[in-house]
Structures are given as structure tokens and as C-alpha cells.
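If you want the building blocks of each chain, they are given just below.
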Amino acid sequence: MQDSQETHPSNHLDEIVAAVSITPTKTPSKLPQTAVFQPPREKLHLCEERAKAYSSRHEYKKAIEEFVRCVALTRICYGDSHWKLAEAHVNLAQGYLQRKGLSLQAKQHAEKAKEILTSAIVPPYDDETDVFKCSVELFHTLGRAFLSLQKFKDAAENLTKAERLSKELLQCGRITKEEWTEIQARTKLSCAQVYQGQKKSKEALPHYQEALEYTEISKGEKSLECVPILRELAGVEQALGCHDASINHLLQAHVITLRRKPSQEEATVSAHWVARAAVTAIASGRPEHHDVAEQYFRESMANLKDAEGKGKAKFLSIQDEYCHFLQVTGQEEKATSILKESLEAKVGVFGDLSPEVAETYRLLSGADLAQGNHSAAHKKLKKCLQIQTLLYGPQDKRTLATQQSMDVLSKAPEMAVKPRQAPKARPALCPGVPQHTALGKPRPPAAD
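About the thresholds
- Residues numbered from 1 in each chain as written.
- Predicted model: local features only at pLDDT ≥ 70, side-chain atom pairs only at ≥ 80, totals over all residues.
- Heavy atoms only, no water.
- Helix = DSSP H or I, 4+ residues; strand = E, 2+ residues; numbered from the N terminus.
- Buried < 20%, exposed > 50% of the residue type's maximum accessible area, 1.4 Å probe, protein only.
- Contact = heavy atoms within 4.5 Å.
- Axes fitted to C-alpha atoms, helices over the stretch in contact; angles between N-to-C directions.
- Parallel < 35°, antiparallel > 145°, perpendicular 65-115°, else oblique.
- Left-handed = near helix turned anticlockwise from the far one by under 90°.
- Phe/Tyr/Trp six-rings, centres within 6.5 Å; stacked < 30°, edge-to-face > 60°.
- Core = buried A, V, L, I, M, F, W, Y, C linked by side-chain atoms within 4.5 Å.
- Salt bridge = Lys/Arg side-chain N within 4 Å of Asp/Glu carboxyl O.

Visitor: Tell me about the overall build of the protein, residues and numbers included.
Guide: Helices and strands together make up the secondary structure of the protein, namely 18 helices and 2 strands. Residues counted as buried form 42% of the 448 residues belonging to the protein. Considering only contacts in the protein between residues 6 or more positions apart, those separated by 24 or more positions represent 59%.

Below, the structure written as C-alpha cells:
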């Protein structure tokens, strides 16, 4: 993805003008500042601070609202063709990228920033450092937007431009080595995600490794910024069959998380990542990771054992995964015991007619069948079928699969119903004794 050829610094600076290829719009006059009671620049500064604060607290909806205000105020303060307005659109685009399903809006604002920069970047590039820094952010943001939209070629092109331009700015002395390192960390991570989005794990791996290295240099080896990179890197290692490396990355992420005094939910999620990776390794023929899976399943569940609401639901979900782990590792009795105990809690949390309760009946049916108790297995599978029919309908693939299992189980020799004994023949009644057709009443006499 990175170009191996070295060119003169000005060549790539010239390329920015060519890359921002949309025809610039006419520059209208600035809006009068007296139209707003509070000084616009002061209000702009406050909005920028609030947007950053909301983003840091992951309150992205509120952050977007502030970024929208920043765009409007920047236009008032600087006009329609100033690079700061492009920067405001880039910030808004980044805000949209933080929320799922808003990638198209992010792309549109990044392209609007690109249009504005057409008129902001002009030769001879003497005092345009801020403009070019903004261009780096623009290309990186546009690349991320295309990545979210799964337009991998466009994403790669924009990320490459961001990487090249940042290198040129470093060589020209317009950004520091520290600034360049931070840019590299973000760009390499996005490049890795482009490859991984195309299922090219082998190509993604070195980019993830570089992203982690640059992040550790700029933020510190124990920084929380390393955690998501370590988890994605672990996924790539796992896809390549390197299970030991995958688990080690997740253990490193877990240590970093615990050092930051996480919430119960954060600690649970972190331990759960390790447990899942160990289970995948076991399924791939690496039974030596059994103890790791056991330890981190228990740790993840311990954090939420007494939780209520969403925490309880998460606990029960992890507990089901743990039971599946016990079953595949030959601990069926323990798994069955836990599942039976969990049924009442699942009804309380999810309701009688819920996928979770249906799945538990299905698993318990399988446990009964493994023990040779066909009658109990049939009863539980019937309950599962009833719930699935109400939830999904009789033609859903899940319902049909359960119905098929029921049919097979019903035809098992063990389920054959023993024929009832024929009732003994009653003795013929004496002709002299009246026959009774109703309780206590004799048969009415025949008509003459």
C-alpha cells in the first residue's frame, strides 16, 4: 500500500491540489458577527471544547450536535472558502464515523471539505502548513469513510495519500516526528482494516503490527489506545492459525484493561475475549489451552454474578458459552447441571417465550438424549419447538430443524409406545336381570 518510490517533496504537495479536484464554489461574503449576541469565535471555541468532551466520553450523538454547530459558526467566522471550514467538516465527518450507519454522511462531509480545500491550497505553499495538516486528516477520514462503506479501493487510495503527504510534511519540517508518529499509528491501523475487510489477513498482519508499534511509541505501551489494536491483531493471528500469539495479545490487552480500574462490564468483556480465543484454539486441536479457557470464563462470569438487568443477561449469555465449552471437553454432567439451574433465571430475565429459553430446552434435550433418557429429551425438545413456532413461525429454518429432530426422536425404538392389554371379556348378563343404561335407572320396557 505504501509507495516505494521517493520523489521531491513539492511533487506530493502539488498532488494535493490535483487530488482535491472538485470545482470550487464562489466565495460569498462573511456573515455579520453582530447577528449573534455572543461573539461567534467565543461560541465556536466553546462548541469545539464540548464536542471533544462528548467524544472522549463516547457520547457521540451529542458530539455530532456540537460539531454541526461548529460548522455553522466556522462559516460565520471565516467564510465559505477558508480551510478552517474544511477542518470543521472533517471533524463532523469523524463524528459521524463514530456511530454505526452514518458512514455515508461522513463521506459527504469529507468530500465537502475536499471541495473547500480546492480554493484554500494555492501555490507557492509558503505558509500553508495548517492547510496541509488538514489535508492529511481529510484523506485519512475519507479513507475511513470508504472503508466503512466497503469501497476498499477508494479507501486504500485516500489512506495512501494521507501517508505520503504526512511523510512529505515531516521531510519539509512542517510537522514534528511526534505528530508524524501519531498520524502513522492511525493510518497504519486503517490500512490494516482495509486488508482485513477483504479477508487478506496475511497482508493485514504487518500493518497491525506497525500500528501497535507506533501507538506504543506515541501513547505508551500500557495505554488504553493499544487495547483495540491488540484485539484486532489477535483476530488476524487467529485467522492465520497462530493461536498462541492470538491469546498472548488478548492477555496483554487484559492486563492493560485491569490496570485502568475498569467497570465490571469492561473487565467482563476483557476476560471473555481471552476465554473465547482459548476455546477457538481448543477446537483447532490445541487442548493445552483448556485451563486458560476455564480460568477466564470463570473470571468473566464472576464479575457479573450478582448483576441485574443487562448485566444479568450478559452473565447468562457467557454462562451458556461456558456450558458449551464444558460439553465439548467431556464435562456434560456439569454443563447439564448449570443449564438446569439457569432456566429459571432466563425465564425471569428474557421471558417464557424467548430464544434463550428455547435454546436452553434444546441443549437440555440433547443432554437427556446422551444419557439415554429419550422420553425426557422428547418433552424438552417439544417445549423448544413450541416456543420457536410462536417466535419465528412454523416455516423458519430453526423451527423446521427442531421439528426434524423431533420426528427422528419420535421414530426411535425407545420411544415406541407399549401396546395396551385388551380388556377382559365381561360375562353375559342374566336375562332375568334388567340391564341398566343409566346410573340407577332400568332400561325402559320395549314397546309391544
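Visitor: Describe the packing of helix α7 (residues 152-171) against helix α8 (residues 177-197), with residues and values.
Guide: Axis separation between α7 and α8 bottoms out at 10 Å; the angle between their running directions is 165°. As summarised for this structure, α7 and α8 are arranged roughly antiparallel, according to the angle between their axes. Our pair here, α7 against α8, has a crossing hand that is left-handed. When α7 is examined against α8, the residues F152, A155, A156, L159, E163, S166, K167 and L170 are found in contact with a partner set consisting of K177, W180, I183, Q184, T187, K188, S190, C191, V194 and G197.

Visitor: Just give me the short version of the packing of aromatic side chains, but keep the residues and values in it.
Guide: Counted according to the given criterion, the structure contains 4 aromatic pairs. Measuring from ring centre to ring centre gives 5.8 Å for F297 and F325, while their planes differ by 35°; the resulting arrangement is tilted. In this pair, F297 sits in helix α13 (residues 290-302) while F325 sits in helix α14 (residues 310-328), placing the two residues 28 residues apart along the sequence. Each member of the pair F297 and F325 is classed as buried. Counting every residue linked through ring pairs, the aromatic cluster contains F297, Y322 and F325.

Visitor: A description of the environment of K199 should follow, citing residues and the corresponding values.
Guide: Along the chain, the position of K199 falls in the loop between α8 and α9 (201-219). As a C-alpha pair, K199 and V236 span 37 residues in sequence and 9.4 Å in three-dimensional space.

Visitor: Can you lay out the nonpolar core for me, pointing to particular residues and giving the numbers?
Guide: A86, L92, Y96, A106, L117, L138 and V194 are the most contacted members of the largest nonpolar core, which has 34 residues in total. For this core, the secondary-structure elements that each account for two or more residues are α2 (40-56), α3 (60-78), α4 (83-97), α5 (103-120), α6 (129-148), α7 and α8. It is α4 that contributes the most residues to this core, 9 residues altogether. When neighbours within four sequence positions are excluded, Y96 is seen to be in contact with I64, V68, L102, Q105, A106 and H109. The next biggest cluster of nonpolar side chains, apart from the first, holds 28 residues, and it includes I247, A281, Y296 and C323.

Visitor: Lay out the pattern of salt bridges in plain terms, naming residues and giving numbers.
Guide: The full count for this structure, using the stated rule, is 20 salt bridges. For E66, the salt bridge is made with R69, and the minimal N-O distance between the two is 2.8 Å. Of this pair, E66 and R69 are both found in helix α3, 3 residues apart, which corresponds to roughly one turn of the helix. Overall, the relative accessible area of 6% leaves E66 in the buried class. Put simply, D368 and K380 hold a salt bridge, and the shortest N to O gap is 2.9 Å. Placement of the pair is D368 in helix α16 (residues 355-370) and K380 in helix α17 (residues 374-392), with a sequence separation of 12 residues. The structure contains a network of salt bridges with shared partners spanning R50, E66 and R69.

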